[in-house]
Amino acid sequence: MSQSAMRKKGGKDKKERVLGLMDIILSWSLVDIVNDDLNQDKMLPIPQRFASTEQYFSSFMVPLLEEARAELKSRLESVSKDPHKHTFRIGNSNWTFNERTSSWEFKTAAESLKDGNILRKADVVILCSMSSPPIGELYCHQFSSLCVLAAVASASFSQPTKNMSKTTLTARRFPSIGAEDGYFAVVVTNLTAQQRVWDALVRGLKQKTAAEPNLIGQALCLGNMENSSCVSCSSGREAASGRNLPAGLDSFGLNNSQMSAVRSAVSSIRCDHSCSIELIWGPPGTGKTKTLCSILWAALLTKCKTVICAPTNIAIHEVVSRTIQLVKNSRKESKGLHGSFTLGDMVLLGNRDRLNVDDDLTEVFLDEWTSNERTHKLLACLGTKGVRKKVATFMHFLESYPLQYNSLLKKSSEKDVSDFSSFFHKNFSEHVRPLKECLGILLVHLPSTFMVAKEIQKTNKLLNLMTEILNLTKKQKLDGAKLVKKFQVNKGAGKDSPEGKLLAKTLECLDILREIRDTLCTRLPRLNNRCKIKRFCLDHASLVFCTASVSSKLHCFKVSKHPRLLIIDEASQLKEAESLIPLQLNGLRHAILIGDERQLPAMVMSKASKDIGYGRSLFERLRSLDHTTHLLNEQYRMHPSISHFPNVNFYDSLIQDGPNVTSSSYTKKLLRGRMYGTYAFINVADGTEVLGDGRSWENPLEASAVLRIVDKLFKAYPRIDAYCLK
């Protein structure tokens, strides 16, 4: 479909607009959805090179529509088998016509027929009246005229306990299906992912080709694909030879091929003169994640704002977990000083459930509002009752506690000086607890650009002093009258006595607090709502992690510091159209694609889209055009008897076996029989694939066979986990 075919006039003297994905989908009938030839005459092969940005972005539009149709068809057949699981009851209301979008809109309340279900934005639903035939038959052709295809334009919870949500539905044709008592809405699927790709394509069509080189220009492949180093950088001291690498990279234990890839990435990070796309080809077990973490370390050290994407939530979870551990280890080794980073340098965006956010990931996760989440913690520290007020209150107590106690003595009929310890300990604890918690949060969650090494050292010293003072007053009874006298006469006298030690430590606390008040507290922003905190975190984070689809949210945030580097992990499993979402982020200068096109490609549901190359990744296309590639050529995972076959048949014998897999200790035979050797092929002849609860296929018989083998292993070795780790 050409670009002009995708445009529609909005009325007299109005500008043409590119039709939205939902505009087109909602114009289909159920018969159209099940028609595999619906878009056949518009499907054109996606080229290897492109003559213009218009050709580039528009070439993915029809295949995307066809893929959405195939997704709807597949889900429609699945839903028809258990429709009540996906059905909502919605009340009757007046439909209104939106002239701008030429569609009908309907605001109502939706109630799920099954607990736990809610309508979500971008859900595609079938509307039918309550007097229609059984829901399971509605996908049939003879009943298709009784249904209207609609989409959820917005949805919000109203009564979660009753599975209720406030919903706005939109449809391209008026649902005149006789629904005096309301409608049933059967959810077919959610097209958020496809909508984000469509938005990226439309965004690309609207933007004029930039005068300066950009990443889209690199992806078009108009010129020579050889990745020659930047002339300006090559003539300088920090040339692409890899000298002056960031500190600490030598401790990663990189082999020669990994180090070569990291050196090239570091050169890109340091270059501001040109744009580039680099490829790192990582066959199985060659240390892609290790190489990626090394590049992220360099990005952290150089404060290069980087977006890290992957096709799936599982892949992002793995990379984030490894990077969190890297940051925590750096803090332990440097004791929070030079060369260390904070979790505030990292941000994770996405869906909490799909990312399977655990305790570690919660510390960098940004999207959910929970009591244990970063935005909530920072709001408590940077708001009106935050660290500034806590520092001022604590300083006031330390400056006046002797006088407060002296006043208490004068008012008291029983001048029991031994009471001072409990008086001080109680009041000190009440002031210390909130301040200590606040400073601890800032040390962990404040971006490292906000706290220089000296401030980190002073803050840690203050926290230690607080603990020492609490221990001193808890273990010893102090003479309050003597301490008041020392405070009034000479604030530093008698340091050998317990009272003198306490006075000296509190005065030292005051000195540090004044420094924190005059430096860190002055520099910290005043943020009093969650949106500002979220923007602050994104503005100052060096590393932003998300799936390629979720990176669409970054187009909506108005940040003062744009990312310069994009890294896509498992890039060969990402359709090129999907990679255009992060590739168009403002400010990007360089992209690094890490993957292996000889492993599983992206999944494409439509055979027609697959045949014209819609499932091809940008990584694969650039590789096919002989784009310069860094091959990771040493594998550390497979026994040589296993690695030999894929190495010879898929990797042209380019991969070497690492020393760990060639050692005799790497061969394990836990049970007798060939099946328990290094590898085995097991034929499960009668196994069939069935669609599981989600969208994945499963083979129950094969799963059962695997369980029997694992069961035998565990019976033979009750502590097999420890055995296998030796």
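Note that this is a predicted model, so its numbers are computed, not measured.

1. Thoughts on the nonpolar core
- Core analysis: the biggest nonpolar cluster contains 127 residues, and Tyr56, Leu349, Val387, Phe394, Phe424, Phe428 and Leu593 have the highest contact counts within it.
- Of the residues forming this core, the biggest block, 11 residues, is contributed by helix H15 (residues 420-445).
- Ignoring sequence-local partners within four residues, the contact set of Tyr56 consists of Phe50, Ile216, Ala219, Leu220, Glu576, Leu580 and Arg621.
- Counting 44 residues, the second largest nonpolar core, distinct from the first, contains Leu249, Phe252, Ile280 and Val320.

2. Quick notes on the pattern of salt bridges
- Under the counting rule described, the total for this entry stands at 23 salt bridges.
- The shortest N-O distance in the salt bridge between Glu597 and Arg598 comes to 3.7 Å.
- Judged by its relative accessible area of 33%, Arg598 is partly exposed.
- Salt bridges sharing common partners tie together Asp36, Glu66, Arg69 and Lys73.

3. Observations regarding unusual backbone geometry
- In this structure, Ala122 takes a positive phi of about 80° despite not being glycine.
- Its place among the elements puts Ala122 in the loop between strand E5 (103-112) and strand E6 (123-129).

4. Observations regarding a nonpolar patch on the surface
- On the surface, a cluster of nonpolar side chains totalling about 250 Å² of accessible area is made up of Val706, Val710 and Phe714.
- Relative to the elements of secondary structure, Phe714 occurs in helix H26 (residues 700-716).

5. Some words on the sheet that holds strand E10 (residues 276-281)
- Spatially, the 7 strands line up as an open sheet ordered E12-E13-E11-E14-E15-E10-E16, and their pairing is parallel. Strands at the two margins of the open sheet, each flanked by one partner only, are strand E12 (346-348) and strand E16 (629-631). In this sheet, adjacent strand axes meet at a mean angle of 20° when their direction is disregarded.
- Pairing geometry for E10 and E16, over 3 bridges, is parallel. Among the inter-strand pairings, Ile280 is bridged to a residue of E16, identified as His630.
- Contacts between helix H21 (residues 576-583) and the sheet are confined to strand E11 (306-310), strand E14 (565-568) and strand E15 (590-595), with E14 contributing the most and set at about 150° to the helix.

6. Quick look at the packing of aromatic side chains
- Tallied over the full model, the rule gives 15 aromatic pairs.
- Note on Phe424 and Phe428: the rings are 5.1 Å apart at their centroids and 20° apart in plane angle, and the pair reads as stacked. Residue Phe424 and its partner Phe428 are located together in helix H15, separated by 4 residues, close to a single helical turn. Summarising the burial analysis for this pair, Phe424 and Phe428 share the class buried.
- An aromatic cluster of at least three residues, connected via ring pairs, comprises Phe394, Phe397, Tyr401, Phe424 and Phe428.
- Positioned above the aromatic ring of Trp281, the side-chain terminus of Arg623 is 3.9 Å from the ring centre.

7. Here's the deal with H15
- Helix length check: H15, at 26 residues, gives a terminal C-alpha distance of 37 Å against a target of 38 Å (1.5 Å per residue), a fit within 8%.
- Along H15, the sharpest change in direction is near 30° and occurs at Val432; proline Pro434 comes one to four residues later.

8. Looking at empty space enclosed by the protein
- Using the criterion set out here, one finds 2 cavities of 30 Å³ or more in the structure.
- Lining of the second largest cavity is provided by Ile568, Ala571, Leu574, Glu576, Ser579, Leu593, Leu618 and Phe619.

9. Overview of the state of the cysteines
- Throughout the structure, instances matching the rule amount to 0 disulfides.
- Cysteine Cys438 shares no disulfide, and the gap to the nearest cysteine sulfur, in Cys381, comes to 3.1 Å.
- According to the relative accessible area criterion, Cys438 is buried, its value standing at 3%.

10. Quick notes on the confidence of the model for the protein chain
- Per-residue confidence for the protein chain averages 82 on the pLDDT scale, and 80% of its residues sit at or above 70.
- Summarising per-element confidence for the protein chain, the mean pLDDT is lowest in helix H27 (residues 720-725) (51) and highest in E11 (97).
- This model gives residues 10-14 a pLDDT under 50, and the stretch forms 1 contact once residues within four places in sequence are excluded.
- Confidence over residues 235-242 falls short of pLDDT 50; this stretch has 11 contacts with residues more than four positions distant or in other chains.

11. Digging into the environment of Leu538
- Following the sequence through the fold, Leu538 ends up in helix H20 (residues 530-540).
- Relative accessible area serves as the criterion here: at 3%, Leu538 is assigned to the buried category.

The rules we used
- All residue numbers refer to positions counted from 1 along the written sequence of the respective chain.
- In view of the model being predicted, local features appear only for residues whose pLDDT reaches at least 70, and side-chain atom pairs are presented and counted only at 80 or more, with totals across whole chains, interfaces and linings using the full set of residues.
- The basis for every side-chain value is the complete set of non-hydrogen atoms in the structure, without hydrogens or water.
- Put simply, buried Ala, Val, Leu, Ile, Met, Phe, Trp, Tyr and Cys residues joined by side-chain atoms within 4.5 Å make one nonpolar core.
- Summary of the burial criterion: residues with accessible area below 20% of their type's maximum are buried, those above 50% are exposed, and those between are partly exposed, where the area comes from a 1.4 Å probe applied to protein chains only.
- Each helix is a run of DSSP H or I of at least 4 residues and each strand a run of E of at least 2, with the numbering of both proceeding from the N terminus.
- The contact criterion used is simple: two residues touch if any of their non-hydrogen atoms lie within 4.5 Å.
- By convention in these notes, a salt bridge is any Lys or Arg side-chain nitrogen within 4 Å of a carboxyl oxygen on Asp or Glu.
- Exposure above 30% relative accessible area and the lack of any salt bridge qualify a residue for a patch; like charges then connect within 9 Å, and the nonpolar side chains Val, Leu, Ile, Met, Phe, Trp and Tyr within 5 Å.
- Per-residue and other accessible areas follow the Shrake-Rupley method at a 1.4 Å probe size, with only the shown protein chains counted as cover for residues.
- The pairing criterion is simple: DSSP has to find at least two bridges between the two strands.
- Each axis is a line fitted through C-alpha atoms, taken for helices only over the stretch in contact, and angles between the N-to-C directions span 0 to 180 degrees.
- When the centres of two rings from Phe, Tyr and Trp lie within 6.5 Å, Trp using its six-membered ring, the rings pair. Their planes under 30 degrees apart give stacked, over 60 give edge-to-face, and anything left gives tilted.
- Only lysine NZ and arginine CZ atoms are considered, and such an atom sits over a ring when it is within 6 Å of the ring centre and within 35 degrees of the ring normal.
- Each residue after the first adds 1.5 Å to the expected span of a helix.
- Bend is the name given here to the angle between axes fitted to two runs of seven residues, the run ending at a residue and the run starting at it.
- Using a grid of 1 Å spacing that covers the protein atoms alone, one calls a set of points a cavity when a 1.4 Å probe fits there but cannot get out, and a pocket when the set is open and has protein on both sides within 12 Å along at least five of seven lines; lining residues are those with an atom within 4 Å of a point.
- Grid points are joined across faces, edges and corners, and a volume is the space filled by probe spheres set on the points.
- When two cysteine sulfur atoms are found within 2.5 Å, that pair is recorded as a disulfide.
- pLDDT runs from 0 to 100 and stands for how confident the predictor is about each residue.

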